[in-house]
Amino acid sequence: MICFPNAKINIGLRILEKRPDGYHNIESVFYPVGWCDALEAVKVEGFGKIELHLSGIPVPGRTNDDNLCVKLYKLLLKEYKLPSLKVWLHKTIPIGAGLGGGSSDAAHFMKMLNEMCKLNLSLEKMKEYVASLGSDCVFFIENKPVLASGRGEVTEAIKLDLSGYFIALAYPDMPISTPFAYSLVTPQKRNDSLKQVISGDMTKWKQNIENDFEKPLFEKYPLIQHVKETMYKEGAIYAAMTGSGSAVFGIYKNKIDAATWFPEYKTWSGELTTNS
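All residue numbers here refer to positions counted from 1 along the written sequence of the relevant chain. The model is predicted, so local features are restricted to residues of pLDDT at least 70 and side-chain atom pairs to those at 80 or more, both for listing and for counting; the totals for chains, interfaces and linings are taken over all residues. Note: side-chain values were computed over all heavy atoms of the structure, leaving out hydrogens and water.

Peer 1: I tried to follow the overall build of the protein chain on my own but got confused; where do I start?
Peer 2: A helix here means a DSSP run of H or I that spans at least four residues, while a strand means a run of E at least two residues long, and both kinds are numbered starting from the N terminus. Counting its regular elements, the protein chain contains ten helices and twelve strands. Along the longest, intermediate and shortest principal axes, the C-alpha atoms of the protein chain span 55 × 40 × 35 Å. Relative to its 276 residues, the protein chain shows a buried fraction of 52%. Contacts are assigned to residue pairs that have any heavy atoms within 4.5 Å of one another. Restricting the contact set of the protein chain to residue pairs at least 6 apart, pairs at least 24 apart contribute 75%. Residue burial considers only the protein chains on display, and all accessible areas are found by Shrake-Rupley using a 1.4 Å probe. If you sum the accessible surface of the protein chain, you get close to 13,000 Å²; carbon and sulfur atoms cover 50% of it. The charge count treats Lys and Arg as positive and Asp and Glu as negative. His and the chain ends do not count. Note that the charge is assigned to NZ on lysines, CZ on arginines, CG on aspartates and CD on glutamates. Computed over 32 positive and 31 negative side-chain charges, the inter-centroid distance for the protein chain is 2 Å. When accessible area is computed with a 1.4 Å probe and restricted to protein chains, residues below 20% of their type maximum are described as buried, those above 50% as exposed, and intermediate ones as partly exposed.

Laid out in C-alpha cells, this is it:
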C-alpha cells in the first residue's frame, strides 16, 4: 500500500498563552497543500516488527526509532496484534520548516494501518492515537481546512475554499527548532477570533492576519523576511511564514514557479484545493 502524505500551511498563527503542561494555546488556520512525501508499507512474515527505510531529504541526528511512524506502530502494538511491516518513507517535505511533514507521515500511516490491518477505527479514535505524537497530527487525519486551537490538536472545520488560487512555497534551508521559536515569543490573548478575520476579504489579510513567530525570527534570520518580501514583490495577495518556520508561502491569482525566484532553495508551486 502506498500513499503520499502532504504538507500544510498556517494562515495566521496566534500564540495566546502558556499552559501549565509547558505547551502553548494557539489559534491558527491549517490548510492542506500538495507538497508530498511518499510512504509505502508491505506486510512481511511474522507479527509485531517494523523495518523502516528512509530516503530523500536526510534527517540528521535522528534514528529510525525517533520517526513518528515507528512510534505510532509501537503505540498501536500495545493494543493490537499487528503484522510485521517493511516501510519505505521518501522525504521531500523539508524538516524544521513549519510544513508538518513528520506529522503528516504519522497521520497517513495511521490511516494506512487502519485499512491494511482492518482495525476498523473511527476518525475520532485515529485522531486520539496520533494526538499523542504531535500537535499537528490530528489535522492530517481528515486533511481539510480547520481552525486549530489548544496546542493545535483541537480542530474545527471551517468554510475556506482557496480553489483556483496558486501557491508558491520556499524553504531557505534553515531548520528551526519549534521549542526555540516558542522561547522567543511572548503570548498575547486577542479580542477577536481568527475565524472571523479569515472569512473576510483576502486582500485585507496582509493587514489583519499575522504569524506571531515572524517578528522575533525575522530579527534573528533576516533571510526569511527577505523571502516573504520577495513573495509580495512578485505579486502575492498574501504571504507569510508557516508554522514556526522557516518555510514561507505566497498565494497568487495566477500560476507561478517559486524556483524562478529562489533557485538555491527547496521550493514547491501548485494550485490550491480544499484538500491535498
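Peer 1: Where do I start with the pattern of salt bridges in this structure?
Peer 2: Any two side chains of opposite charge can pair, so long as their charged atoms come close to each other. By convention in these notes, a salt bridge is any Lys or Arg side-chain nitrogen within 4 Å of a carboxyl oxygen on Asp or Glu. Under the criterion given, the structure shown has 15 salt bridges. Lys8 is the partner of Asp136 in a salt bridge, and the nearest nitrogen-oxygen pair spans 3.7 Å. Remark: Lys8 occurs in strand β2 (residues 6-18) and Asp136 occurs in the loop between α3 (123-131) and α4 (137-142); sequence separation between them is 128 residues. Like Lys8, Asp136 is buried. Across the salt bridge formed by Glu128 and Lys125, the nearest N and O atoms sit 3.2 Å from each other. One end of the pair, Glu128, and the other, Lys125, are both in helix α3, three residues apart, so they sit about a helical turn from each other. Through salt bridges with shared partners, a single network forms among Arg14, Glu27 and Asp192.

Peer 1: Any chance you could explain the side chain of Ser28 here in plain terms?
Peer 2: Topologically, Ser28 is positioned in strand β3 (residues 24-36). Residue Ser28 is classed as buried on the basis of its relative accessible area of 0%. Definition of a polar contact: a pair of N or O atoms within 3.5 Å, with one able to donate and the other able to accept a hydrogen when the atoms are protein atoms, and with sequence-neighbouring residues admitted only if both atoms are side-chain atoms. From its side chain, Ser28 meets the backbone oxygen of Gly12 in a polar contact 2.6 Å long. Beyond its immediate sequence surroundings of up to four residues, Ser28 is in contact with Asn10, Ile11, Gly12, Leu13, Val146, Leu147, Ala148 and Leu194.

In short, the description is geometric, and any link to function would need to be established separately.
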